[in-house]
Amino acid sequence: MARQLRALILEGVLSDGDRIIETALCAQLNVSRTPLREAIKTLIHEGLIEHRPNRGARVTKTTAKEMRQLFEVISGLEMLAAETVATSIKPTEFKRLQSLHDKMAMHHAAGERDEYFVLNHQIHLKIVELSGNPILVETHASLMTRARHLRYQALAGQDRWMEAMEEHNGIMKAFEAGDAALAGRLMKQHVRRTGEVVEATFPGP
């Protein structure tokens, strides 16, 4: 149930600030209120939903400042992961990562944005996983849940999509060369650039 409700938020069916109307969602998802309320609690913990006294539950509304801070932290985590992976990745692991990258590139060339994004998300998670740091993996996964729909939003423009693909090509070359400093720097720039693109769509400070 939490997965279904999460998907409605990440895919933009429920937008930032939308009220969570239990009766409507129960009918839409064909569930009773008990599992829906448990799902809401889970998503409150994840930060996707907020609950305020006398106002009920709403999809968390992210401000430009919060979004900026979110991507700053994610960029730091992924930089650390990329630096670690560049010097520790095994040939078999690199081959699997390269396979995911090549499939993503095929979807990019075909203009298949949704398929591209699924693999893009998997690649970012995989790189962090390959760091071998469970605390890093857990922290990153939590933040990526909150950032996922924002990252997808950043790919809406063709220019950024082209730019992002080139950035991924550079990161893979740095991994292949075993250049930790370059891999970390490129990854940090890549994630921060995504944040900048999203931030430009936000009103206010």
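Structure shown above.
Residues numbered from 1 in each chain as written. Predicted model: local features only at pLDDT ≥ 70, side-chain atom pairs only at ≥ 80, totals over all residues. Heavy atoms only, no water.

**Student:** Could you clarify how one ought to interpret the layout of surface pockets in this entry?
**Tutor:** Empty space among the atoms becomes apparent when a probe as large as a water molecule is rolled across them. Taken as a whole, the largest pocket holds about 430 Å³ of empty space. The wall of the largest pocket is formed by 19 residues, among which Ile 9, Leu 10, Glu 11, Gly 12 and His 149 lie closest to the centre. Each residue belonging to the lining of the largest pocket can be placed in one class, and the counts come to 9 nonpolar, 4 polar and 6 charged. (1 Å grid on protein atoms, 1.4 Å probe; cavity = no way out; pocket = protein on both sides within 12 Å on 5 of 7 lines; lining within 4 Å. Points joined across faces, edges and corners; volume = space filled by probe spheres on them. Nonpolar A, V, L, I, M, F, W, Y, C, P; charged D, E, K, R; others polar.)

**Student:** What should I look at first to understand the nonpolar core in this one?
**Tutor:** Across soluble globular proteins, nonpolar side chains show a tendency to be buried alongside one another. The biggest cluster of nonpolar side chains holds 41 residues, and the ones touching the most others in it are Ile 74, Leu 97, Tyr 116, Ile 127, Leu 150 and Phe 175. Breaking this core down by element, the ones donating at least two residues are α4 (64-88), α5 (91-109), α6 (113-129), α7 (134-154), α8 (158-177) and α9 (180-199). Looking at this core, the element that brings in the most residues is α4, giving 10 residues. Residue contacts for Leu 150: discarding those within four places in its chain leaves Met 67, Leu 70, Phe 71, Val 198 and Phe 202. Residues Ala 2, Leu 8, Ile 9 and Val 59 belong to the second largest nonpolar core, which totals 18 residues. (Core = buried A, V, L, I, M, F, W, Y, C linked by side-chain atoms within 4.5 Å. Buried < 20%, exposed > 50% of the residue type's maximum accessible area, 1.4 Å probe, protein only. Helix = DSSP H or I, 4+ residues; strand = E, 2+ residues; numbered from the N terminus. Contact = heavy atoms within 4.5 Å.)

**Student:** Would you mind going over a negative patch on the surface with me for this structure?
**Tutor:** A grouping of Glu 11, Glu 112, Asp 114 and Glu 115 is seen on the molecular surface, where their side chains present a negatively charged patch. If you trace the backbone, Glu 112 turns up in the loop between α5 and α6. (Patch = residues over 30% accessible without salt bridge, like charges linked within 9 Å, V, L, I, M, F, W, Y side chains within 5 Å. Areas by Shrake-Rupley, 256 points an atom, 1.4 Å probe, with all protein chains shown as cover. Salt bridge = Lys/Arg side-chain N within 4 Å of Asp/Glu carboxyl O. Lys, Arg positive; Asp, Glu negative; His and termini not counted. Charge placed at Lys NZ, Arg CZ, Asp CG, Glu CD.)

**Student:** Sorry, what's going on with the pairing of strand β2 (residues 56-59) here?
**Tutor:** Look at any regular strand and the pattern is simple: side chains alternate between the two faces of the sheet. In this structure, strand β1 (residues 49-52) lies alongside β2, joined through 4 bridges in antiparallel fashion. Residue Arg 52 lies in a different strand from β2, and its bridge partner there is Gly 56. The hairpin formed by β1 and β2 contains 3 residues between the paired strands, and Asn 54 there has a positive phi angle of roughly 70 degrees. (Pairing = 2+ DSSP bridges.)

**Student:** Teacher, can you tell me more about α6 here?
**Tutor:** Since the α-helix advances by 3.6 residues per turn, residues separated by three or four positions end up pointing in the same direction. The end-to-end C-alpha distance of α6 is 24 Å, a good match for the 24 Å that 17 residues give at a rise of 1.5 Å each. Looking at α6, one finds that the buried residues are Tyr 116, Phe 117, Leu 119, Asn 120, His 121, Ile 123, His 124, Ile 127 and Val 128. (Expected span 1.5 Å × (residues − 1).)

**Student:** Would you mind going over the packing of aromatic side chains with me for this structure?
**Tutor:** Aromatic ring pairs: the centre-centre distance and the angle between the two ring planes describe each pair. The final tally for this structure, using the stated rule, is 1 aromatic pair. A centroid spacing of 5.4 Å and a plane angle of 80 degrees characterise the contact between Tyr 116 and Trp 161, whose relative ring orientation is edge-to-face. Of this pair, Tyr 116 sits in helix α6 while Trp 161 sits in helix α8, and the two are 45 residues apart along the sequence. Since its relative accessible area comes to 2%, Trp 161 is described here as buried. (Phe/Tyr/Trp six-rings, centres within 6.5 Å; stacked < 30°, edge-to-face > 60°.)

**Student:** Just checking my understanding: could you explain the side chain of Thr 60 for this structure?
**Tutor:** Its place among the elements puts Thr 60 in the loop between β2 and α4. From its side chain, Thr 60 meets the backbone nitrogen of Ile 49 in a polar contact 3.3 Å long. (Polar contact = N/O pair within 3.5 Å; in protein donor to acceptor, adjacent residues only side chain to side chain.)

**Student:** How should I be thinking about the pattern of salt bridges in this particular structure?
**Tutor:** Note on pairing: side chains with opposite charge can pair once their charged atoms come close. Considering all chains together, one arrives at 10 salt bridges under this definition. Close ionic contact of Arg 37 with Glu 22 constitutes a salt bridge, the shortest N to O distance being 2.9 Å. Of this pair, Arg 37 sits in helix α3 (residues 33-46) while Glu 22 sits in helix α2 (residues 22-29), placing them 15 residues apart in sequence. In this structure Arg 37 comes out as partly exposed when scored by relative accessible area, which is 41%. Arg 193 serves as the salt-bridge partner of Glu 163, at 3.0 Å between the closest nitrogen and oxygen. Of the two residues, Glu 163 is situated in helix α8 and Arg 193 in helix α9; the sequence distance between them amounts to 30 residues. The exposure class of Arg 193 is partly exposed, given its relative accessible area of 32%. Here the residues in one salt-bridge network are Arg 160, Glu 163, Glu 167, Arg 193 and Glu 196, joined through shared partners.

**Student:** Mind showing me how you'd approach the environment of Ser 131 here?
**Tutor:** Here Ser 131 lies in the loop between α6 and α7. Taking the C-alpha atoms as reference points, Ser 131 and Ala 82, 49 residues apart in sequence, are found 7.5 Å from one another. Among all residues touching Ser 131, those that are not within four sequence positions of it are Ala 81, Thr 84, Val 85 and Leu 136. A distance of 2.6 Å separates a polar atom in the side chain of Ser 131 from the backbone oxygen of Val 128.

Taken by themselves, the reported measurements are silent on function.
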